[in-house]
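Residues per chain are reported as follows:
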Amino acid sequence: MKKEKKPKLAVWKFSSCDGCQLSLLDCEDELLTIADRIEIANFREASRQVLRGPYDISLVEGSITTPHDAERIHQVRRASKFLVTIGACATAGGIQALRNFKDVKEFVSLVYATPSYIETLNKSTPIADHVFVDFELRGCPISKTQLIDVLGALLVGRKPTTPTYSVCVECKQRGIVCGLVAFGPPCMGPVTQAGCNALCPSYHRGCYGCFGPKETPNTSALASYWRGLGMKNDELLRLHRSYNAYAEPFRKESEAHEK
Amino acid sequence: MSTTTPLRIELSAIDGIISSLRQQHYTVVGPTVRGASIVLDEISSTSDLPVGWMCEQAPARYRLIKLPVDSLFAHTVGPHSWKQYLFPPILRLFSANRNDGEIRIGDGLPGSDVPGAGDAVRPYAFLGVRSCDLHAILIQDKIFGGGPYQDAYYRRVREQTWIIAVNCTLASATCFCASTKTGPKASSGYDLALTEVITEQDHYFIVEVGTERGLKLLEGLNHRPANESETARAAELVEGTASQMARSLETENIREVLYQSADHTRWEAVAKRCLTCANCTMVCPTCFCATVEDTVDLTGMRAERLRKWDSCFNMDFSYIHGGSVRSSVKARYRHWLTHKLASWIDQFGTLGCVGCGRCITWCPVGIDITEEYRAIRDTTLTNLVPSSTEEVENGNA
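About the cut-offs
- Residues numbered from 1 in each chain as written.
- Chains lettered and ligands numbered in written order.
- Predicted model: local features only at pLDDT ≥ 70, side-chain atom pairs only at ≥ 80, totals over all residues.
- Heavy atoms only, no water.
- Disulfide = S-S within 2.5 Å.
- Buried < 20%, exposed > 50% of the residue type's maximum accessible area, 1.4 Å probe, protein only.
- Phe/Tyr/Trp six-rings, centres within 6.5 Å; stacked < 30°, edge-to-face > 60°.
- Helix = DSSP H or I, 4+ residues; strand = E, 2+ residues; numbered from the N terminus.
- Lys NZ or Arg CZ within 6 Å of the ring centre and 35° of its normal.
- Core = buried A, V, L, I, M, F, W, Y, C linked by side-chain atoms within 4.5 Å.
- Contact = heavy atoms within 4.5 Å.

1. As for the state of the cysteines
In this structure the tally under the stated criterion is 0 disulfides over all chains. Left without a disulfide partner, A:Cys89 is nearest to the cysteine sulfur of A:Cys140, which lies 6.2 Å away. For A:Cys89, a relative accessible area of 16% gives the class buried. We note that B:Cys312 lacks a disulfide partner, and the nearest cysteine sulfur, in B:Cys287, lies 6.2 Å from it.

2. Re the packing of aromatic side chains
Residues and elements named next belong to chain B. Evaluated as defined, the whole model comprises 19 aromatic pairs over all chains. When the centroid spacing of 6.3 Å and the interplanar angle of 80 degrees are considered together, the rings of Tyr26 and Trp162 count as edge-to-face. Of this pair, Tyr26 sits in the loop between α1 (12-23) and β2 (27-34) while Trp162 sits in strand β9 (residues 162-166); the two residues are 136 residues apart in sequence, bridging distant segments of the chain. Of the two residues examined, Tyr26 and Trp162, each falls in the buried class. What links up through ring pairs into an aromatic cluster is the set Trp82, Tyr85, Tyr124 and Phe126. If you follow Arg8 out to its NZ or CZ, it ends over the ring of Tyr204, 4.0 Å from the centre. Against the face of Trp309 rests Lys83, its NZ or CZ located 4.8 Å from the ring centre.

3. Thoughts on the nonpolar core
Across soluble globular proteins, nonpolar side chains show a tendency to be buried alongside one another. All names here are of chain B. Judged by nonpolar contacts, the single largest core of 103 residues is most densely connected at Phe126, Leu258, Tyr333, Trp336 and Leu341. Among the elements that take part in this core, helix α11 (residues 329-348) stands out by supplying 8 residues, more than any other. Residues contacting Trp336, with those up to four places away along its chain left out, are Cys280, Thr281, Cys287, Cys312, Phe313, Cys359 and Ile369. Core analysis: the second largest hydrophobic core is formed by 26 residues, Ile17, Val166, Leu217 and Leu218 among them.

Okay, structure coming up:
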């Protein structure tokens, strides 16, 4: 039997916590199948062995926060046929994009003994602000199920199943009772994209918005309804300013509550 | 059958009904308290029912309240509806396995939580079906079980299902079944219909029998014909429920009003509030839309096709070449309300709304279907042009 040439996969890290690329190692049961079907050509968290590009699939984790990052992402793009950004950092700038709302020089002078050693950009930005991205996987961290689905979809040439509707749809498909209605806000579910299988609501917690804004998110309607229930501006600001703070709909909404 | 005189059973007979159905291998499903709400789940005795609980409902608000009496059915409809058993949120339509170059089609996946379309179905007995929800089931019977294209899974489950209805003796603030003529008293489609009566000295049920098997179930349980005052007391309670309803939907000319209101300014106003989160359609007991998802595992050896609840509020729902047909919030809300209250009549011969009020309670920002329709009607009715079915352009599904 003819030995098929396996597609080459590379994993790249930019500014991030490594949690999303860990999801690949976290595949456990499926990991051997992945290794059997895909040649892991560059994945430093798993192996020292690095094969030369070009790569059929690149998974890019992290945001662009340094001048070096901003150059390196172009090299990654050039070496990749299909580039998938993984996680809130890569798709929206991540939690480190909180700096985008302040003066980064001030942080640097407060935190580091020798600020002149630090070379950093004023803003933490998503990969798609710098290069063309073929597919985005949301989440903080990403969903293992969605990652396997996307890899599987690429292998057979089908469409991935990553819905862009609200977390509410997943709650309802699982029969989870809406906490917003049954015990009160906050829950970011109605404006957040599905993908986590309603993880927090299934533990009676409101959604934190890890998967970022859903398609056509009406954040101002939800925020003004909550304000009517007595929620304060700083609370509304914090709700929209977390892992996906720099995703435009959440950014605009948090800015609307800035005093 | 329903012409027989009402019977009286005692509180203890409810346990008799449950255990007798369970002995006949029915999975008895009924209301039960879970966390902060009353959901539907398998029950094995009256102690699983919401004993002494009622619910307080308002737009975007649901709270449980403890009562000083041991009522079984003082609550109204909750976050779940019976459609989750007949039209499961996720159903495996089929799976395909590749083996030695051969593809084998099946639908079962042992050990999976997701039911398969061809699985042997568990026979259900629904206990505590309210009139609004019973009407919703009768509507879904037409959708899935009527016409030339029938849903085999739905029909198989539905044909075996027992329905023990409960007439409502309290209304929630979001209820409006009296105006849609779908309650609060169950009129047909049940095996048995119960009305709970609690007085200072007494706690009993008036039973109306709808089927032979319903009557047979009561054999062996202590029952006697209800006397006139008992029947009158039950009727009074149910009539009282109707008069408690503060909300209403004016159904006269509803189709014509909506067909002539496509450009109404109210749609823009509601679009500013609507989150397009799809909660209203998911909790609606008549909404029946689904999408189909195909997945293939990493080895390429196993594929499956799942049917999942979908909503006309999702962008992909109306996605065709070039994009979503209804990309604006206004278009999606208008589509939903107009289908529910107007084109549904052309499609299935009834309103798509049974007045259960779930879409009002479970909307995270409390959008009220009765209020939205009233706003449109109040400004459209004066200019209403009588229309015939032929003139109706938009028979959308």
